[in-house]
Amino acid sequence: NSIMEHPLIGPLDTLSIDELSTKISDLNKKMSVAQRMGNGHLCNQLRMALESYNNKYRDKLEETYKKQAQVNFDDKINIQ
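Source: prediction; values computed, not measured. (Residues numbered from 1 in each chain as written. Predicted model: local features only at pLDDT ≥ 70, side-chain atom pairs only at ≥ 80, totals over all residues. Heavy atoms only, no water.)

### Considering the environment of I9
Quick note on the threshold: Note on conventions: DSSP H or I runs of at least 4 residues are helices, E runs of at least 2 residues are strands, and numbering of each starts at the N terminus. A 1.4 Å probe rolled over the protein chains alone gives each residue an accessible area, and that area as a share of the maximum for its type sets the label: buried under 20%, exposed over 50%, partly exposed in between.
Looking at the element boundaries, I9 is found in the segment before helix 1 (17–37). Given a relative accessible area of 22%, I9 falls into the partly exposed group. For the pair I9 and M48, spaced 39 residues apart in the sequence, the C-alpha separation amounts to 9.7 Å.

Right, here's the structure in full:
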């Protein structure tokens, strides 16, 4: 797996899904500006940062889905 994480980004575990989403949106806006300016080096740095944030975002979403799937409905009415 060739995931390139940005070396200057600290741990992302403390960020919520909403905070990660906001940061991803902000980085995408910056990427758009960097691309329009033709700044390839900055684009590469932003791509690495985006990959880090996107990976953590997907991990957090997956955790949330797994927790929701483990909810116990034994005390609910069975309609079979």
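Read on for the rest.
### So, helix 1
Condition: A helix is expected to reach a length of 1.5 Å times the quantity of its residues less one. In this description, one arc is meant: the one made by directions from the helix axis to the C-beta atoms. The contact criterion used is simple: two residues touch if any of their non-hydrogen atoms lie within 4.5 Å.
The end-to-end C-alpha separation of helix 1 is 30 Å, in line with the 30 Å expected for 21 residues at 1.5 Å each. Those residues of helix 1 that fall on the buried side of the exposure criterion are L20, I24, L27, M31 and A34. Relative to the axis of helix 1, the buried residues are bounded by an arc of 85° and lie together on one face. Projecting away from the buried face of helix 1 at angles above 90 degrees are the exposed residues D18, T22, K29, R36 and M37. Those residues of helix 1 that are buried lie in contact with helix 2 (40–69). Just past helix 1, the residue G38 takes up positive phi, approximately 75°.

### Things to note about the nonpolar core
One recurring pattern in soluble globular proteins is that nonpolar side chains are buried together. What counts, and what does not: Here, nonpolar core means buried Ala, Val, Leu, Ile, Met, Phe, Trp, Tyr and Cys residues that are tied together by side-chain atoms lying within 4.5 Å of each other.
Core analysis: the biggest nonpolar cluster contains 11 residues, these being L12, L20, I24, L27, M31, A34, C43, L46, A49, L50 and Y53. Of all the elements in the fold, those that place two or more residues in this core are helix 1 and helix 2. Look past the residues within four positions of L12 in its chain and what remains in contact with it is L20, S52, Y53, K56 and K60.

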